[in-house]
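Inside the fold
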Amino acid sequence: MIRSVITGTGSALPANCVTNAELAERVDTSDDWIVERTGIRQRYIADEDEFTSTLATKAARAALEAAGIDASEIGLIVLATATPDHTFPATATQVQAALGCGGGIAFDVQAVCSGFLYALATADSMLRTGMAQKALVIGAETFSRILDWEDRTTCVLFGDGAGAVVLEAHDVAEDGPGILASRLHAEGAHKDMLYVDGGPSTTGTVGHLRMKGREVFRHAVVNLADVLKEVLADTDLNAGDIDWVVPHQANARILDATARKLDLPSEKVVVTVDRHANTSAASVPLALDTAVRDGRIKQGDLVMFEAMGGGFTWGASLARM
Ligand code: ACO
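What counts, and where the lines are drawn
- Along each chain, numbering runs from 1 in the same order as the chain's sequence is written.
- Totals for whole chains, interfaces and linings use every residue, but because this is a predicted model, local features are given only for residues with pLDDT of at least 70 and side-chain atom pairs only at 80 or more, for both listing and counting.
- UniProt positions are given in the numbering used here, feature names are shortened, and annotations may be inferred rather than shown by experiment.
- In this text, near has one meaning. A residue is near a molecule or strand if its C-beta atom, placed using the backbone, is within 6 Å of it.
- Numbering of helices and strands starts at the N terminus; helices are DSSP runs of H or I of at least 4 residues and strands are runs of E of at least 2.
- When residues are sorted by character, Ala, Val, Leu, Ile, Met, Phe, Trp, Tyr, Cys and Pro go into the nonpolar class, Asp, Glu, Lys and Arg into the charged class, and all the rest, Gly among them, into the polar class.
- Strands pair, by our definition, only if DSSP identifies at least two bridges between them.
- Simply put, an axis is a line fit to the C-alpha atoms, just over the touching stretch for a helix, and the angle between two N-to-C directions goes from 0 to 180 degrees.
- Any pair of residues counts as being in contact when their C-beta atoms, constructed from backbone geometry, are within 7 Å of one another.
- Whether a crossover is right-handed depends on one test, that the path from the first strand over the helix to the second runs clockwise when the strands point away from the viewer.

The chain is annotated in an unreviewed UniProt entry as Beta-ketoacyl-[acyl-carrier-protein] synthase III of Qipengyuania profundimaris. According to the UniProt record, the Subunit (unreviewed entry) comment for the chain reads "Homodimer." Under the Catalytic activity (unreviewed entry) heading, UniProt states for the chain: "malonyl-[ACP] + acetyl-CoA + H(+) = 3-oxobutanoyl-[ACP] + CO2 + CoA".

Here we take up the site of the ligand. Of all residues adjacent to the ligand, which total 22 residues, the nearest are Thr29, Arg152, Gly213, Phe217 and Ala250. Every element with two or more residues in the shell around the ligand is listed here: helix H2 (31-38), helix H6 (152-155), helix H7 (213-233) and strand E12 (302-309). The residue inventory of the shell around the ligand, partitioned by class, reads eleven nonpolar, eight polar and three charged.

With mixed pairing, five strands are arranged side by side in an open sheet as E1-E7-E6-E4-E5. If you trace the sheet from one side to the other, it starts and ends with strand E1 (2-12) and strand E5 (105-109), each paired once. Across this sheet, the average inter-strand angle for adjacent strands is 20°, counted without regard to direction. Where strand E6 (residues 134-142) lies against strand E7 (residues 160-171), nine bridges are found, and the strand directions are antiparallel. Paired with isoleucine 138 across the strands is alanine 164, a residue of E7. The sheet strands contacting helix H4 (residues 91-99) are strand E4 (76-80), E5 and E6, and the helix crosses E4 at an angle near 130°. Helix-sheet contacts for helix H5 (residues 115-128) involve E1, E4, E5, E6 and E7, and the interaxial angle to E4 is about 160°.

What follows covers the pairing of E5. Alignment of E4 against E5, held across five bridges, turns out to be parallel. Across the sheet, the residue bridging to valine 78 is phenylalanine 107, located in E5. Between the parallel elements E4 and E5, the chain passes through H4 in a crossover that is right-handed.

Here is the structure:
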């Protein structure tokens, strides 16, 4: 059977790391408050000459190297971002140009923090229907550009970065590698809980991120537990079979609460929120690449990806590496 197999991972972070203590010098907050409420200890913030496309391109190059393939073999680039370089063209096309692999398919997906899950499921469908053979699926963000640095309830939570995977259509056995199941959801009625108060069609400005944190927290725990159960039900596997959960890194308390709801031991959950903060669509592939490179996630492991974000949007995918 034809499945989409993850054959390489990569990631990129800006050079500039900002600790909670450094942030507390210009925002009315403290290391203690941020660590206790979120688990975040530091975040990376892009310099003026670092863009979503530059971070994405670095992550893509690392993923191509890990997969051992040349950029010229890539026929599809799906890039998830809510902070594109420009309103158009799609940032994916700029990554394609930087990699020198023009001619194939390249487009952006906008599902905020769930963007990588949406991009992965989209690329998986396109590979399995034969529209391309090899794809780059990228999550990349420069959220620092849409934060209101006067709003301590949001600006301490986010960071910049990018992660990428190479996805290849392979003919595999039933128990072989590849994406086994994916589920996606959206509920647009919850827009006001997490949104950006600008945009080309409304204010003509870029705008700033606004969030009702408590409400988001409550919905995230319920929606994530439900979608994980749905994905497992699509397969003949159960929670005990999962080797690793690679979740969206929003908040350590959301990760703990979701793991508890599924009875999953916290040692199986990859956590990078302490180092990267919330990098929106970049967080899942960044966390995946971290755990692949430090040797935790190995070939043959069963890995669950999950995320929830603005919209609301949420989703999960189960893959054998
Ligand atoms: N530093 C110090 N004090 C702060 C800060 C800060 N950075 N931010 C808020 N406070 C204060 C508030 O002013 C308030 O003070 P008061 O009691 O005197 O009024 C107090 O801390 C409590 O504020 P709450 O907003 O009620 O704090 P809460 O316990 O809900 O924690 C948080 C806030 C961390 C945002 C939490 O609601 C949360 O994690 N929500 C999930 C949201 C999330 O992670 N979103 C990411 C995007 S969506 C996604 O990725 C899933």
